[in-house]
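# Remarks on the overall topology
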Amino acid sequence: MDSSNYLKIKNKIPSNVNILAVSKGVESQEIKTIQNLGQNDFGESKFQEAFKKQVILKDLRQIEWHFIGRIQGNKIRKIVQSFKYIHSVDSFEKLKKISNISLEEQKNPFIMLQVKLNNDPTKGGFNPELLISKWREIQELKNIKLTGLMTINPRGLTSKENLELFKKCRSLANSLQLPDCSMGMSGDWEQAVDAGSTWLRLGSLIFGQRS
Ligand SMILES: *Cc1c(COP(=O)(O)O)cnc(C)c1O
C-alpha cells in the first residue's frame with residue numbers, strides 16, 4: 001500500500017463528502033497507517049474478519065466501524081454489538097431484527113438501507129416502491145437512527161449510467177428526507193459525488209488492489 005494514495009484522493013474529494021475506507025482484505029497494520037493520516041471511518045464486509053481487527057485495534061478509540069457486507073440473520077447481534085454504522089440493511093425483516101436486538105443490547109446504530117435501483121440479480125436491496133409503502137412502519141422502529149440509503153451500482157456501466165442511478169438514489173433519499181447516500185466506490189466515485197453522495201466507500205483506491 002502507498003499511503004500517499006489516501007492523501008491524493010482525500011484532496012480531490014469535496015470536504016462535505018465523507019470517505020469510508022473499506023478495509024476488507026487489509027491487515028490491521030495498514031488500517032493503522034491510514035488512521036494516522038486522519039481517517040477514522042473504516043468499512044468491513046465480513047463479521048469474523050472485522051472482529052479480529054477490532055480486537056487488535058481496540059486502543060484506537062477514534063475508529064468508527066461500519067458494516068457494509070451482506071447481513072446474515074444469525075450475525076445480527078454481533079454486528080449490532082460491534083458496529084456503529086450499518087450500511088447494508090437490505091430487507092424489512094432484517095431491519096426489524098436489528099431494531100429488536102438494538103433495543104435488547106441498548107445500542108442505537110446508524111442505519112442506511114440498501115436499495116436496488118435496477119434489476120441486478122446479484123445484489124440485494126429494497127425495491128423503492130416497497131420501501132415507500134413500508135415507510136411509516138419503518139419510521140416507528142425503535143433504537144435505530146435511520147440516516148440514509150445505500151446503493152451499489154452494477155459493474156460495467158458508462159459514467160452517464162452510473163450518474164443516472166446515483167441520482168435516483170439521491171432523489172429517493174430526498175423524498176424520504178434522509179440526509180445520507182452511501183454510494184460510489186473506487187471506480188465510480190466521481191459520478192457519486194456529482195449526484196450528491198455523502199459517503200464514498202473506497203477500498204482499492206486507498207489500499208491498492210485486493211488479491
Ligand atoms: C469492497 C466494497 C467496496 C469498495 O470497493 P472498491 O472498488 O475497492 O473501492 C465498497 N462497497 C462495498 C459494499 C464493498 O463490498
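As shown above, the structure is provided for reference.
This one's a predicted model, so the numbers in the text were calculated from it and none came from an experiment.

## Quick look at the site of the ligand
- As a structural note, the neighbourhood of the ligand is formed by V22, K24, I68, I152, M185, S186, R201, L202, G203, S204 and R210.
- Between S186 and the ligand, the recorded distance is 2.5 Å, taken from a side-chain N or O atom to an oxygen atom.
- Separating an oxygen atom of the ligand from a backbone N or O atom of G203 is a distance of 2.8 Å.
- The fraction of the free accessible surface of the ligand (390 Å²) that becomes covered by protein chains is 88%.
- Grouping the amino acids of the shell around the ligand by side-chain chemistry returns five nonpolar, three polar and three charged.

## Considering the pairing of strand 4 (residues 85–89)
- When you tally the buried positions in strand 4, you get five out of five residues, the bulk of the element.
- Read from strand 3 (residues 64–67) through helix 4 (residues 76–82) to strand 4, the crossover connection turns out right-handed.
- Bridging between strand 4 and strand 5 (residues 110–114) involves three bridges; their strand directions are parallel. In the strand pairing of strand 5, Y85 is matched with F110.
- Tracing the backbone out of strand 4, into helix 5 (residues 92–105) and back to the parallel element strand 5 gives a crossover that is right-handed.

## Side note on the pattern of salt bridges
- Evaluation of the coordinates by the stated rule reveals eight salt bridges.
- In this structure, the salt-bridge partner of R70 is D90, at a minimum N-O distance of 3.8 Å. Within this pair, whereas R70 is found in the loop between strand 3 and helix 4, its partner D90 is found in the loop between strand 4 and helix 5, the two being separated by 20 residues in sequence.
- Among the residues examined, R70 registers a relative accessible area of 55% and is labelled exposed.
- Taking the relative accessible area as the measure of exposure, D90 reaches 11% and is therefore buried.
- Where E137 meets K134, a salt bridge forms, and the shortest distance between an N and an O atom there is 3.9 Å.
- Sharing partners across several salt bridges, the network here consists of E44, E49 and K53.

## Looking at the pairing of strand 8 (residues 199–202)
- Because side chains alternate across strand 8, one face comprises the buried residues W199 and R201, and the other comprises L200 and L202, equally buried.
- Of the pairings in the sheet, the one linking strand 1 (residues 18–22) to strand 8 comprises four bridges and is parallel in character. By the bridge assignment for strand 8, L20 is matched with R201.

## Description of the nonpolar core
- If you look at the biggest cluster of nonpolar residues, it comprises 56 residues, and the most contacted ones within it are I86, I98, L113, L131, L149 and I206.
- Element by element, the count of residues in this core is highest for helix 8 (residues 159–175), at six residues.
- The residues contacting I98, other than those within four sequence positions of it, are I71, I76, V80, I86, V89, P109, I111 and I144.
- L20, I68, Y85 and W199 belong to the second-largest nonpolar core, a separate cluster that totals seven residues.

Procedures and definitions
Residues numbered from 1 in each chain as written. Predicted model: local features only at pLDDT ≥ 70, side-chain atom pairs only at ≥ 80, totals over all residues. Heavy atoms only, no water. Near = heavy atom within 4 Å. Polar contact = N/O pair within 3.5 Å; in protein donor to acceptor, adjacent residues only side chain to side chain. Areas by Shrake-Rupley, 256 points an atom, 1.4 Å probe, with all protein chains shown as cover. Nonpolar A, V, L, I, M, F, W, Y, C, P; charged D, E, K, R; others polar. Buried < 20%, exposed > 50% of the residue type's maximum accessible area, 1.4 Å probe, protein only. Helix = DSSP H or I, 4+ residues; strand = E, 2+ residues; numbered from the N terminus. Right-handed = clockwise from strand over helix to strand, strands pointing away. Pairing = 2+ DSSP bridges. Salt bridge = Lys/Arg side-chain N within 4 Å of Asp/Glu carboxyl O. Core = buried A, V, L, I, M, F, W, Y, C linked by side-chain atoms within 4.5 Å. Contact = heavy atoms within 4.5 Å.

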